[in-house]
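Observations on the model geometry
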Amino acid sequence: MKTFDYDAIRLLPKKSILKSRRDADTTVKLGNHTFNLPVMPANMETVIDQSLAEWLSSRDYFYVMHRFNPQSRFDFVRSMQEKGLIASISLGITDDEYDLIDRFESAEISPEYITIDVAHAHSDYVFKMVAYIKKKLPNTFLIVGNMGTPEAIVEAEATGADATKVGIGPGKACITKDKTGFGTNGWQLAALAQCAQVATKPIIADGGIRHHGDIAKSIRFGATMVMIGSMFAGHDETPGDLIQENGKKYKAYYGSASAQQKGNDHNVEGRSLLVDYKGPLENTLRAMKEDLASAISYAGGSTVSSLKTVDYVVLTDY
Ligand SMILES: NC(=O)C1=CN([C@@H]2O[C@H](COP(=O)(O)OP(=O)(O)OC[C@H]3O[C@@H](n4cnc5c(N)ncnc54)[C@H](OP(=O)(O)O)[C@@H]3O)[C@@H](O)[C@H]2O)C=CC1
Ligand SMILES: Nc1nc2c(ncn2[C@@H]2O[C@H](COP(=O)(O)O)[C@@H](O)[C@H]2O)c(=O)[nH]1
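Residues numbered from 1 in each chain as written. Chains lettered and ligands numbered in written order. Predicted model: local features only at pLDDT ≥ 70, side-chain atom pairs only at ≥ 80, totals over all residues. Heavy atoms only, no water.

As a reminder of what qualifies: UniProt positions are given in the numbering used here, feature names are shortened, and annotations may be inferred rather than shown by experiment.
The protein goes by GMP reductase in an unreviewed UniProt entry, where it is assigned to Fructobacillus broussonetiae. The UniProt entry for the protein carries the following comment under Sequence similarities (unreviewed entry): "Belongs to the IMPDH/GMPR family. GuaC type 2 subfamily."

So this is what it looks like as structure tokens:
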């Protein structure tokens, strides 16, 4: 099997049709909504909280709220919808999560988006939850992750997933490959390409994005959107206090399966680190948009979808 990752790929330019990069359309549709960028912050405690969810949603960016304050999710959904904003939450697969679905159904509240967020989603326990959500909340767009194989994508879609999320262990805070020997770390882009060959619904590429150009590469290899953790962490608007060390500013970033997040040392597959302080999020989003607009121009088109058909080379001596 041929494998490659983001750094080994160069996309090949086509003749541009744009007078200005400002004319490139960087929006993307997922479910019933169109968003400014094919990018979403990771559903992690050091990346998103309610105030950032409101900030993003009110500016037409997609987000997924994390699931680590489980009791707050019902009120979160209600409060977002009362403000006219999209409600997008994460769920695990424990019995309590079924109760939450029942609560939404009884109150006749449907979050616009639900993401099932477990480390290894190719599992009948996950598919049972997929079927339950589709039955109880049929209007909710359901994202299921994480997965890393075509077999998993086929089964998730057949069970009712509206989109799947691909990436086992490529994230900056991941230690899954070292702890278990498994995953897509080091070949995430090739794994995405394999999954995209069988997918009939959108795929979200999750983990390992280190440069803005990796967003364009993800779309070329089959992603509709990308989920980003470490590059979103460290902003003014992202959770956590500023930390000063040797005259430099940082913020904490820890894995959702880290000891820090779990509060114990069982089944730890994540680590804690510091990421550089990056200032206001709007500057990063503007730069992402400009870089993606430029990529669209190199692709010879005017929309994100023009990236899907460009040629590429794999640097063999990489
Ligand atoms: N994208 C990635 O590569 C990874 C992401 N994560 C993130 O960490 C967080 C914690 O996730 P998770 O570990 O799923 O924890 P959860 O506590 O959510 O576990 C999910 C459920 O599946 C069961 N399970 C069975 N086999 C596995 C397995 N191999 N890995 C995980 N769960 C299994 C668990 O039971 P039991 O605990 O008893 O085994 C539990 O009931 C999530 O936010 C997840 O996205 C974690 C690891 C990898
Ligand atoms: N193996 C683990 N993966 C994790 C953990 N916490 C989060 N994640 C995944 O990482 C991405 C973000 O990746 P990044 O490269 O952009 O920083 C996130 O969306 C999860 O899928 C963890 O503890 N272990």
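Moving on, there is more to tell.
**What about the overall build of the protein?**
Let me state the cut-off plainly: The helix and strand labels rest on DSSP assignments: H or I over at least four residues marks a helix, E over at least two residues marks a strand, and numbering proceeds from the N terminus. We compute the radius of gyration from the C-alpha atoms alone; for a globule the expected value is 2.2 Å times N to the 0.38, where N is the number of residues. Contacts were defined at the residue level, with two residues in contact if any of their heavy atoms lie within 4.5 Å. Residue exposure ignores everything except the shown protein chains as possible cover, and the areas themselves are Shrake-Rupley values with a 1.4 Å probe. Charge convention: Lys and Arg are scored as positive, Asp and Glu as negative, and His as well as the terminal groups of each chain are ignored. In plain terms, the charge of a residue is placed at NZ if it is Lys, CZ if Arg, CG if Asp and CD if Glu.
A tally of regular secondary structure across the protein gives 10 helices and 14 strands. On C-alpha atoms alone, the protein measures out to a radius of gyration of 19 Å, which is about the 20 Å that the 2.2 N^0.38 rule sets for 318 residues. Seen through its principal axes, the protein has C-alpha atoms that stretch 55 × 50 × 45 Å. Long-range pairs, those at least 24 residues apart, make up 67% of the contacts in the protein with a sequence separation of at least 6. Here the protein has roughly 14700 Å² of accessible surface; of this, 48% comes from carbon and sulfur atoms. Counting 35 positive and 39 negative side-chain charges, the protein places the averaged centre of each group 6 Å from the other.

**Let's talk about the site of ligand 2**
Keep this limit in mind: Proximity criterion: a residue is near a molecule or strand once any of its heavy atoms comes within 4 Å of it. Counted as a polar contact is a pair of N or O atoms within 3.5 Å, where, for protein atoms, one must be capable of donating a hydrogen and the other of accepting one, and residues adjacent in sequence contribute only when both atoms are in side chains. Residue classes follow a fixed rule: Ala, Val, Leu, Ile, Met, Phe, Trp, Tyr, Cys and Pro count as nonpolar, while Asp, Glu, Lys and Arg count as charged, and any other residue, Gly among them, counts as polar.
Inspection of the region around ligand 2 gives 22 residues, with Cys-174, Thr-176, Asp-206, Tyr-253 and Glu-269 positioned closest. Note that a nitrogen atom of ligand 2 is positioned 2.8 Å from one of the backbone N or O atoms of Ser-256. Protein burial of ligand 2: of its 520 Å² of free accessible surface, 90% is covered by the chains. Residues belonging to the shell around ligand 2 are distributed by class as follows: 7 nonpolar, 11 polar and 4 charged.

**As for the pattern of salt bridges**
Which entries qualify depends on this criterion: A side-chain nitrogen of Lys or Arg and a carboxyl oxygen of Asp or Glu constitute a salt bridge if their distance falls within 4 Å.
What the rule picks out here adds up to 10 salt bridges. In this structure, Lys-177 engages Asp-178 in a salt bridge whose closest nitrogen and oxygen atoms are separated by 3.0 Å.

**Describing the UniProt feature "domain: IMP dehydrogenase/GMP reductase" (unreviewed entry) in the protein**
UniProt tags residues 5-309 as "domain: IMP dehydrogenase/GMP reductase" (unreviewed entry). Here residues 5-309 runs as 33% helix and 18% strand, with 18 Å between its end C-alpha atoms.

**Observations regarding helix 1 (residues 50-58)**
Put simply, the test is: Exposure is judged per residue with a 1.4 Å probe applied to protein chains only, and the accessible area is read against the type maximum: over 50% gives exposed, under 20% gives buried, and values in between give partly exposed.
Among the residues of helix 1, those classed as buried are Leu-52, Ala-53, Trp-55, Leu-56 and Ser-57. Each element contacted by the buried residues of helix 1 is listed here: strand 4 (39-41), helix 2 (73-82) and helix 10 (281-298). Taken from the residues just after helix 1, Asp-60 is the one with a positive phi, measuring 65 degrees.

**Describing the layout of surface pockets**
For the record, the criterion: Both site types are read off a 1 Å grid over the protein atoms alone. A 1.4 Å probe that fits but cannot get out defines a cavity, while an open set with protein on both sides within 12 Å along at least five of seven lines defines a pocket; lining residues have an atom within 4 Å of a point. Grid points are joined across faces, edges and corners, and a volume is the space filled by probe spheres set on the points.
Taken as a whole, the largest pocket spans an internal volume of roughly 1100 Å³. The wall of the largest pocket is formed by 50 residues, among which Ala-119, Asn-146, Gly-167, Gly-169 and Thr-176 lie closest to the centre. Listing elements by their share of the lining of the largest pocket, those giving two or more residues are strand 7 (141-147), helix 5 (150-159), helix 6 (176-180), strand 10 (225-228) and helix 9 (259-262). The residue makeup of the lining of the largest pocket, split by class, is 19 nonpolar, 23 polar and 8 charged. Within this model, the second largest pocket holds a volume of roughly 290 Å³. Lining the second largest pocket we find 16 residues, and of these Leu-11, Gly-213, Ala-216, Ala-295 and Tyr-298 sit closest to its centre.

**With respect to the sheet that holds strand 13 (residues 272-276)**
Just so we agree on the cut-off: Should DSSP find at least two bridges between two strands, the strands are taken to pair. To get an axis, a line is fitted to the C-alpha atoms, and for a helix only the part in contact is used. The angle between two axes follows their N-to-C directions and goes from 0 to 180 degrees.
With antiparallel pairing, 3 strands are arranged side by side in an open sheet as 11-12-13. Strand pairing shows two members of the sheet lacking a second neighbour, strand 11 (243-245) and strand 13, which therefore form its edges. If you compare each strand with its neighbour and ignore which way they point, the axes differ by 50 degrees on average.

**Here's the deal with the side chain of Thr-140**
With respect to the helices and strands, Thr-140 occurs in the loop between helix 4 (124-136) and strand 7. We classify Thr-140 as buried; its relative accessible area is 1%. Engagement of the side chain of Thr-140 in a polar contact is seen with the backbone oxygen of Pro-111, the distance being 2.7 Å.

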